[in-house]
Each structure stands twice: as C-alpha cells, then as structure tokens.
Amino acid sequence: MPAPDVAALLAQLERSEPDVAELARVAVEWLAGGEALETISQFDVCEFLWYTLPIKVPGDQATIARALGRLLGLAGMERYAALCDSPATTRILLTYAREGEEAGAAAYHRELEATGVLPPDIAELSWSSIMGPEELGAHVACAAALELAIVTGDPVDREELTRRWLTAPRAELGGDCWLHRVHGERLNRWVLGRGSARRELAQPFEVRLHAPIAAPDEPHLEPLRWLLGLARTGVRLTERLNVGRAVATEAADRFGWGNRTRSGVVRGEADVPALTELRQIAVHELGALRRSGRRLVLTTTGRNLLDDRAAMWEAAAPTLLVAAPGEHDFEVSIRESALMILVDRDVVRDDDLRDRVAEVVNGEGWRATDGGRVGGADLIGPLARLRHRLDALGLGAAAHRPEAADAPPWRLTDAGRRAALAALRAQALRPRQYAGLG
C-alpha cells in the first residue's frame, strides 16, 4: 500500500501540532526532495539524520529529528520513525555539537556500517565518496536491496548480495548491469580529464579499457616470479637490510639489468635499481613478501600469487601507476601519459617521449615548482621510476646503456603493452575520493 501523501500528512500534523508540523516540513523536504515517501530507504533516513541534518540544516536538530519521526509515524513507517528518536541519533548529534564535524562524520559512518544497509566494497568495485549519477543510482539500489534482505530476516552475506546486485542484468537498465554503468561513467570521466591534449590522447582508450585486460599466454612477469620463488626458502639481507650481492648479481645477469658502476661489477642491490623497484612492488604494494629478521620471506598472499597466474597479473600490472610514498597526482599523471603514448608505438626516443608528455601535463594545468611550465627536468624522476618498474616486471624491451650514453629509447614488450592497458584501466576505474580520504 502506498505511503500517504506528504501534503496530507503535514495537514494532519498541522491541526494537532502546528509547531511540529513546520519542523517536519523542513525535514521531509531535505529527506525526500519532493518525491513520494515510498521512494525513501533506511539509508536515506540515516544519511539525513546523521549527516545532512547536523551539517546543513539550521535549528534545533534534535527537535527537527523528532518532528520527522512524528511525520513518518503517521505515514506508517515505524522503523524509520524509530530511527529519528533513537539513541544512535541522539549520540551522533551530540558528537557533532561537542566534538565537531570530523568526529561527528566518523560516528555517522560507524553507525551506518552497523546498520548493515551500507553496500560494502567488493573486488569488482570500491565505492567513491564523490559519486556520479550512475554510481549513486547503483549505491542507492544496493542499499535498498540490503535493507529488504535484512527486513525479511534471512541471513545476509552483504558482499555476495552486493556483487549479485551489481553484476546481474537488469530490465530497468535495458539488460545492462549496474557494474557496467559505473565503469562506463568512470571511464568517461577519466577520458574527459583536463586539457585538450590529454583528452585527445585518452579518447581512443575509452572503449579499449571497458573490458578487463587478459594476461598474455606467453610467460610474463618473470622477475617477480623469480623473486617470489627465491623467497620460498628466504632471501638473505645484508646488515643494512639490502638484498645481498649474489642475488643482485643473479638478477642483473638473468634479466639484463645494467648496473651503474664503472667497473661493470655488481656490488649489491644499489647497483641494480630495477631490483630495488621489484622489492618495493613485492613487499609494499602486493604484500607478497615481508621481512623476518634479515631475510625476505614469502607471505600467504605471495604463495597464492605464485600459484595463480591470473591473480598475479591482476595484482601486479596496475602497480605501473601506483603512487610511491610522497608522490602526488602530478607524478602519476606523467607516467599515465607516458603509457598512453607508448602502448601503440614500437620504439619511442626518450627526448620525443619527454616532449610529448610535457605537452600533455602542461595542457592539464600542472606547473613546475617555480610556477613555470613543466619541462624535461620535472619529468626525470617520474619517468625513471616508470622505466625501473617496467624493467622490474619484465615489461620493457630496451636494454640499458652505459651511464654516459644517451638515455635508451622506450619500447614495451607484448606483455608490457597489455600491462600498460591494465594499469590505465585500473587508474581510470579507481574510486573518486575527497582530499585526504583513501
């Protein structure tokens, strides 16, 4: 049975409690936005009471909450009415008043999580804190599905229900699913980016990145497999906790990783930058290795990656664009632009790549530390890290030249092209967050 008309409910309340009716009108306008009451969900009510009301609605907020409860009670929505005068609402409103917005918002998120109606992150999708229309529609729909499952009293696996809701074809979407809609929205947002040069470069990738990038059939990520394999029995570290000379020498010889010494002799990990980068990937980004005393040992995650080639590809390829500690969007944008340039070209001279990347990032509005245009010097660090990453994962085909020679040209292997696309896709589909949120 449809919920009663809001205007009729307010008129009824006006006759009996005129002061309450006016506060209820304010509250329901914020809550429903002119839509019928039957369109609201528990998530909507909680968001209003625990976030919108204390931050955006002036007045005695506890009294406004109780007035909304009276209106919802008249509408026969007892569960929602109970939330308006619940201990949780009282506690959260007091937290905002006494401890400020940050503490209040944290209390709101904790209480919302406890309700069970908040759609969780799943492997296929991490929710944004800044949602576009498609993602917001998916989030609201999932929240309503979770609420219905809880109300029926059946055991609820929130992750499985959210995954099923996002991936099932839906008639109201013309046979499409919510996950495709959200991915399409995020890809479009990423392509539009900032600046005409960036948009022109990214436009051809919108269709190419819609589906996951499969791992190549031929052997790939061999350096990572090698290091994880060594760690089954432990990789010895020096007193300074670097990889020892024997392993560094083997890495340089096995994978053609040049060293920086004039003598041509590898003295340790510091002479093989790609090995340091590989260790960073394996330990800090994949969680595949950990340090135990003076040894690197394989974790459970590392064992699983060694046993599952598809899982290793899915985890490792996106690390080409993972920000290093202390890095910002500027450095990631440089590497992102470089991968888009490299992915469809056979060989690219280093100075040509720098010129093209500088054109793109300047067009995006980035500026050098002195406020001027981004130049070659600003690109050295981020591009060097990209080259080391490509080497570390066995994805770059260019051999290193002696230090005094010109920088070698850039060239991706076939696996490197696929990995570049996988990294770009992960970058495009990442959730949008407010500054300071992970």
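Structure first, text after, so check above.
Residues numbered from 1 in each chain as written. Predicted model: local features only at pLDDT ≥ 70, side-chain atom pairs only at ≥ 80, totals over all residues. Heavy atoms only, no water.

Asker: Is there a simple way to explain the overall build of the protein in this structure?
Answerer: Helices and strands together make up the secondary structure of the protein, namely 21 helices and three strands. Counting across all 438 residues of the protein, residues that qualify as buried make up 46%. Total accessible area on the protein stands at roughly 21900 Å², and carbon and sulfur atoms take up 51% of it. The average position of the 53 basic charges and that of the 63 acidic charges among the side chains of the protein differ by 8 Å. (Helix = DSSP H or I, 4+ residues; strand = E, 2+ residues; numbered from the N terminus. Buried < 20%, exposed > 50% of the residue type's maximum accessible area, 1.4 Å probe, protein only. Areas by Shrake-Rupley, 256 points an atom, 1.4 Å probe, with all protein chains shown as cover. Lys, Arg positive; Asp, Glu negative; His and termini not counted. Charge placed at Lys NZ, Arg CZ, Asp CG, Glu CD.)

Asker: Just checking my understanding: could you explain the sheet that holds strand β2 (residues 289–292) for this structure?
Answerer: Across the sheet, which stays open at both edges, the three strands sit in the order β1-β3-β2 with antiparallel pairing between neighbours. At either margin of the open sheet sits one strand with a lone partner, and together these are β1 (235–236) and β2. Judged from the four bridges that link them, β2 and strand β3 (residues 295–298) form a sheet pairing that is antiparallel. Bridging across to β3, S292 finds its partner in R295. (Pairing = 2+ DSSP bridges.)

Asker: Sorry, what's going on with helix α15 (residues 273–285) here?
Answerer: The α-helix winds at 3.6 residues per turn, so residues separated by three or four positions along the chain end up facing the same way. Across its 13 residues, α15 extends 17 Å between first and last C-alpha, which sits within 8% of the 18 Å expected from 1.5 Å per residue. When we look at burial in α15, the residues that qualify are P273, A274, L275, E277, L278, R279, I281, A282 and V283. Positive phi shows up at G287, right after α15, with a value of about 65°. (Expected span 1.5 Å × (residues − 1).)

Asker: Quick question: what am I supposed to make of the pairing of β3 here?
Answerer: As paired strands, β1 and β3 are joined by two bridges and run antiparallel to one another. Along β3, the bridge assignment pairs R236 with R295.

Asker: Looking at this structure, how should I read the environment of I380?
Answerer: Looking at the secondary structure, you find I380 in helix α20 (residues 376–392). Residue I380 is classed as partly exposed on the basis of its relative accessible area of 45%.

Asker: What is the right way to look at unusual backbone geometry in this model?
Answerer: In most cases, non-glycine residues show a negative phi, while peptide bonds are predominantly trans. With a phi close to 55°, L221 is a non-glycine residue in the positive phi region. Take L221: it is sitting in the loop between α12 (205–208) and α13 (222–230). Notably, L241 is not glycine yet its phi reads approximately 65°, a positive angle.

Asker: How should the nonpolar core be read in this particular structure?
Answerer: Across soluble globular proteins, nonpolar side chains have a tendency to be buried as a group. One finds W190, L224, L228 and L289 to be the most contacted residues of the largest nonpolar core, which totals 77 residues. Setting aside chain neighbours within four positions, we find L224 in contact with L278, A282, L286, M312, A316, A392 and L393. Counting residues in hydrophobic clusters, the runner-up holds 43 residues, among them L37, A65, A88 and V117. (Core = buried A, V, L, I, M, F, W, Y, C linked by side-chain atoms within 4.5 Å. Contact = heavy atoms within 4.5 Å.)

Asker: Which parts of the structure should I look at to understand the side chain of S128?
Answerer: By the element assignment, S128 lies in the loop between α7 (101–115) and α8 (133–151). Side-chain polar atoms of S128 contact the side chain of R186, separated by 3.1 Å. One polar contact links the side chain of S128 to the main-chain amide nitrogen of R432, over a distance of 2.9 Å. When sequence neighbours within four positions are dropped, the list of residues in contact with S128 reads E135, R186, P431, R432 and Q433. (Polar contact = N/O pair within 3.5 Å; in protein donor to acceptor, adjacent residues only side chain to side chain.)

Asker: What's the story with the pattern of salt bridges in this structure? I'm lost.
Answerer: Opposite charge on two side chains makes pairing possible when the charged atoms of those side chains draw close. Throughout the structure, instances matching the rule amount to 33 salt bridges. Here R158 and E113 are joined by a salt bridge, their closest N and O atoms 2.8 Å apart. Taken as a pair, R158 in helix α9 (residues 158–167) and E113 in helix α7 lie far apart in primary sequence, 45 residues in all. One salt bridge in this structure joins E222 and R225, with 3.4 Å as the shortest N-O distance. Of this pair, E222 and R225 are both found in helix α13, three residues apart, which corresponds to roughly one turn of the helix. The network of salt bridges with common partners includes E277, E285, E327, R335, R385 and R389. (Salt bridge = Lys/Arg side-chain N within 4 Å of Asp/Glu carboxyl O.)

Asker: I tried to follow the packing of aromatic side chains on my own but got confused; where do I start?
Answerer: Under the definition given, this model contains four aromatic pairs. Measuring from centroid to centroid gives 5.6 Å for F330 and W366, while their planes differ by 55°, and the two rings are tilted. One end of the pair, F330, is in helix α18 (residues 329–342); the other, W366, is in the loop between α19 (350–363) and α20, with 36 residues separating them in the sequence. We classify F330 as buried; its relative accessible area is 15%. Judged by its relative accessible area of 22%, W366 falls in the partly exposed class. Grouping aromatic residues by their ring pairs yields a cluster made of W226, F255 and W257. Here the guanidinium or amino end of R194 rests over the ring plane of W366, the centre of that ring lying 4.8 Å away. Lying across the ring of W410, R387 places its NZ or CZ 4.0 Å from the centre. (Phe/Tyr/Trp six-rings, centres within 6.5 Å; stacked < 30°, edge-to-face > 60°. Lys NZ or Arg CZ within 6 Å of the ring centre and 35° of its normal.)

Asker: Help me understand helix α3 (residues 42–56) in this model?
Answerer: An ideal rise of 1.5 Å per residue puts 21 Å on 15 residues; α3 measures up with 19 Å between its terminal C-alpha atoms. The largest bend along α3 reaches roughly 40° and is located at F48. Restricting attention to buried positions, one finds in α3 the residues Q42, F43, D44, V45, C46, F48, L49, W50, T52, L53 and P54. In this structure, the buried residues of α3 make contact with α2 (18–32), α4 (61–74), α5 (78–84), α6 (87–99), α7 and α8. (Bend = angle between axes of the 7 residues up to and from the residue.)

Asker: Help me understand the state of the cysteines, please; the structure alone is not making it clear to me.
Answerer: Throughout this description, disulfide means a covalent bond between two cysteine sulfur atoms. For the structure shown, the criterion picks out zero disulfides. Free of any disulfide, C46 has its nearest neighbouring cysteine sulfur in C84, separated by 9.3 Å. A residue is classified by how much of its surface remains accessible, and C46, at 0% relative accessible area, is buried. Of all cysteine sulfurs, the one in C177 lies closest to C142, which takes part in no disulfide; the gap is 11 Å. (Disulfide = S-S within 2.5 Å.)

Asker: What is the right way to look at the side chain of S41 in this model?
Answerer: Summarising the element assignment, S41 is placed in the loop between α2 and α3. Judged by its relative accessible area of 6%, S41 falls in the buried class.

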